[in-house]
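Analysis of the macromolecular model
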Amino acid sequence: MTKTLSDKSIVQILVQQCVKLGLKEVVISPGSRNAPLTLSFNVLPEIKCYTIVDERSAGFFALGMAQQLKRPVAVLCTSGTAALNYAPAVAEAFYQEIPLLVLTADRPEEWVGQADGQTINQSGIFANYVRFQRDLPVNINHPDDQWYIERSVSEAFQKMAYPVAGPAHINIPLREPLYGRTLPIPLLKQPFRNLIPDAVLSEKQLNELAQQWSSAESVMILTGVMMPDAELNHSLVELSKNANTVVLTETTSNLKGDRFIECIDRQVFSINAYETASFKPSLLITFGGQIVSKQIKNVLRDYPPKAHWHIALNDHVIDTFQHLSVNIKMKPHDFFKQINGKVVNADGRYQHMWQQRSEKSRKIHLVYANEVGWSDFKAMAHIFANIPEGTVLHLANSTPVRYAQLFQDEIKVDTFSNRGTSGIDGSVSTAVGSAMVQSKPSMLVTGDLSFFYDSNGLWNKYLKPNFKVVVVNNGGGGIFRFIPGPAETAELEEFFEAKHKQSAKYIAKAFGLKYLSCSNLEELKSAYQQMLESNGQATLLEVFTPGELNGKILRNYFKYLQANR
Ligand SMILES: Cc1ncc(C[n+]2csc(CCOP(=O)(O)OP(=O)(O)O)c2C)c(N)n1
């Protein structure tokens, strides 16, 4: 039996076309102007609807779902500032290349600026952070209007996928009354299909690049944020057998290989100025999203390679190291698969040199980690060395994602972080959304300010019982006691660190999480084990560390690496 949908034909067309194009999940925030879409999506068997009041959190929740599902997830809200609250998640989805369909209900255009309630100019509000945007007509007066809407929705889905994934915004002006229902009008036709030719290098191009790579003295493959990809991982493992080639990875690259170099900052800090010239590559090959290590970015900008290839399909140029020489417009997966087996170098010394350094700095690291007192460093060492296999790990920005790099060789699980924009405003919501579509246990490791900023991420009914949050509470923005600059100012505590004495205890209780806490290593070991074993209820472990000491301990760590290299 055909379901009755909203009696607004533009809504009937929009929701039916979304279903045709494969939409399956919609995260709805309550409101009246969006009621026609809510009532329609909710009766469609193909669509699963979620409800989250806070639009900022809903945006990141949907982002976390789309990140794991690798397909568009929609968010839907009413008119006014509700729409503006999606902006942080939309920007993150844009730079992290995640398909997020943003549906904002709106007032008819003639009411904008007429002192009517919940009415703002919503047209193009995400212009800088979407791959497609469209304001739909308020009425269907002619079959061409229907064609226009059907085509617009198809274009939105096409642009959310190609050339790289990203968000799209459709703004839907609606007149009252809003709650009528009727049988829907049929769509005009099947949505058009986008046929993307496989991007392959010609034999000539392939041989030219393979020859350049094989004969290069030193080749560094530096990997940014990547979704797990077993075939890409296999190609890189094979290519890392070339003696002139090193593969540098981060936790968020989700790549593992016996010859891969991990814990980049550990290595970079153990390299002195005289050695840098020999450790820098003559050929740099990069792909993926953002790179967490500020150190490697500085080194490669100060000691530029002779050639830099960047592998990406983006339609804008990404020249992170200011020495781009070749922009290879391919998916990294396809490029490395095609060039694998064509590169041959058996007599290089470059990889061996990095391996030796990596082994040496690991030994120095372990001595420091063993001797250091209770601190963020000590706590993170225990947390990252004991993440159960199969866990999906989320890292909040600021120091958690940075400490994870120092302990990368202990972390054996898929790892995600909002490095698109490195904001502290959506890590909890993203992790909860990601966990929602995962059967595996999920763990978020976050700082206290990031947790409190997005504690609304727990304000929904979708907390999985195997969801775990570790809040490392150092009483403020601990990173500002480490990075050069703020730590030396009188404004540190109030205007940078935002020092506080808050605890996550009552937030955990308010949202139904089991609460555990600790403030030394012995307590951490037992509380952490309790958390890992509690799979019947979402659990929050708060780890209290000495705020004033952490910055010094982390600075001393890098000095220790340098002093003992
Ligand atoms: C939305 C947003 N606002 C401000 C910042 C600037 N910022 C970067 S790190 C940080 C402090 C984070 O503190 P916390 O989460 O406690 O982590 P810690 O530094 O203690 O590891 C701030 C405010 C940001 N990245 N994103």
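Residues numbered from 1 in each chain as written. Predicted model: local features only at pLDDT ≥ 70, side-chain atom pairs only at ≥ 80, totals over all residues. Heavy atoms only, no water.

Some words on the environment of alanine 82
Looking at the secondary structure, you find alanine 82 in helix α4 (residues 81–84). Here alanine 82 falls in the buried class, since its relative accessible area comes to 8%. Distance in space between the C-alpha atoms of alanine 82 and threonine 104 is 8.5 Å, their sequence separation being 22 residues. Discounting residues that sit within four places of it in the chain, alanine 82 has contacts with Glu55 and Cys77. (Helix = DSSP H or I, 4+ residues; strand = E, 2+ residues; numbered from the N terminus. Buried < 20%, exposed > 50% of the residue type's maximum accessible area, 1.4 Å probe, protein only. Contact = heavy atoms within 4.5 Å.)

Some thoughts on the packing of helix α3 (residues 55–69) against helix α5 (residues 87–96)
Running from amino to carboxyl end, α3 crosses α5 at an angle of 25°, the nearest separation of the two axes being 8 Å. As judged from the angle between their axes, α3 and α5 are roughly parallel. Contact with α3, carried on its side by Arg56, Gly59, Phe60, Leu63 and Gln67, involves Pro88, Ala89, Glu92, Ala93 and Gln96 of α5 and no other residues of that element. (Axes fitted to C-alpha atoms, helices over the stretch in contact; angles between N-to-C directions. Parallel < 35°, antiparallel > 145°, perpendicular 65-115°, else oblique.)

A look at the side chain of serine 417
Structurally, serine 417 can be placed in the loop between β15 (415–416) and α16 (427–436). A polar contact is formed between the side chain of serine 417 and the backbone oxygen of leucine 395, at a distance of 2.7 Å. Sequence-distant contacts of serine 417, that is, excluding residues within four places in its chain, are made with Gln96, Thr252, Leu395, Ala396, Asn397 and Val401. (Polar contact = N/O pair within 3.5 Å; in protein donor to acceptor, adjacent residues only side chain to side chain.)

Brief notes about helix α7 (residues 203–215)
Between the first and last C-alpha of α7 there are 18 Å, a value that for 13 residues agrees with the 18 Å anticipated at 1.5 Å per step. Taken together, the buried positions of α7 are Leu206, Leu209, Ala210, Trp213 and Ser214. Around the axis of α7, the buried residues are gathered within 130° of arc, so they sit on the same side. Those residues of α7 that are exposed and aimed more than 90 degrees away from the buried face are Lys204 and Gln211. (Expected span 1.5 Å × (residues − 1). Arc of directions from axis to C-beta.)

Overview of the pattern of salt bridges
With the rule as written, the count across this model stands at 24 salt bridges. Close ionic contact of glutamate 155 with lysine 159 constitutes a salt bridge, the shortest N to O distance being 3.9 Å. One end of the pair, glutamate 155, and the other, lysine 159, are both in helix α6 (residues 143–159), 4 residues apart, so they sit about a helical turn from each other. Residue classification places lysine 159 among the partly exposed positions, given a relative accessible area of 27%. (Salt bridge = Lys/Arg side-chain N within 4 Å of Asp/Glu carboxyl O.)

Describing the side chain of serine 358
Tracing the chain through its elements places serine 358 in helix α13 (residues 350–371). Overall, serine 358 belongs to the buried group, its relative accessible area being 18%. Not counting the four nearest positions on each side in its chain, serine 358 is found in contact with Ile261 and Gln267.

Side note on the domain arrangement of the protein
We note that the domain assignment places domain 1 (5–182), domain 2 (203–351) and domain 3 (372–563) within the protein. A separation of 30 Å is found between the C-alpha centroids of domain 2 and domain 3. The interface is formed by 18 residues belonging to domain 2 together with 22 residues belonging to domain 3. Here domain 2 packs against domain 3, burying approximately 1,800 Å² in sum over the two surfaces, 56% of which is carbon and sulfur. Here domain 2 is connected to domain 3 by 1 salt bridge. The tally of links between domain 2 and domain 3 comes to 9 residue pairs in polar contact (both at pLDDT 80 or more). (Domains from an automatic or database assignment. Buried area = accessible area lost by both parts, 1.4 Å probe.)

Here's the deal with the pairing of strand β6 (residues 132–135)
Here β6 shows a clear split, with Phe132 and Arg134 buried on one side and none of Gln133 and Asp135 buried on the other. Sheet topology places β6 next to strand β7 (residues 168–173); 4 bridges connect them, and they run parallel. Counted as the bridge partner of aspartate 135 is asparagine 171 from β7. Taken together, β6, α6 and β7 constitute a β-α-β crossover, and its handedness is right-handed. (Pairing = 2+ DSSP bridges. Right-handed = clockwise from strand over helix to strand, strands pointing away.)

Describing the site of the ligand
Around the ligand, a shell composed of 18 residues is seen, among which Ser398, Thr399, Ser450, Asn474 and Gly478 lie nearest. Between an oxygen atom of the ligand and a main-chain N or O atom of leucine 449, the distance comes to 2.9 Å. Here an oxygen atom of the ligand sits 2.8 Å away from a polar atom, N or O, in the main chain of glycine 478. In isolation the ligand has 590 Å² of accessible area, and contact with the protein removes 76% of it. A majority-of-atoms criterion places the ligand in the second largest pocket. Looking at the shell around the ligand, the elements with two or more residues in it are α15 (399–406) and α17 (448–453). (Near = heavy atom within 4 Å. Areas by Shrake-Rupley, 256 points an atom, 1.4 Å probe, with all protein chains shown as cover. 1 Å grid on protein atoms, 1.4 Å probe; cavity = no way out; pocket = protein on both sides within 12 Å on 5 of 7 lines; lining within 4 Å. Sits in = over half its atoms within 2 Å of the grid points.)

Here's the deal with empty space enclosed by the protein
Summed over the entire model, instances satisfying the criterion amount to 2 cavities of 30 Å³ or more. Its volume calculated, the largest cavity comes out at about 50 Å³. Taken together, Gln67, His394, Leu395, Ala396, Phe416, Ser417, Asn418, Ser427, Thr430 and Leu444 form the lining of the largest cavity. Elements supplying a minimum of two residues to the lining of the largest cavity: β14 (392–395) and α16. Each residue belonging to the lining of the largest cavity can be placed in one class, and the counts come to 4 nonpolar, 6 polar and no charged. Here the second largest cavity is characterised by a volume of approximately 30 Å³. Contributing to the lining of the second largest cavity are Asp376, Thr399, Tyr403, Gly478, Ile479, Phe482, Asn550, Gly551 and Leu554. (Points joined across faces, edges and corners; volume = space filled by probe spheres on them. Nonpolar A, V, L, I, M, F, W, Y, C, P; charged D, E, K, R; others polar.)

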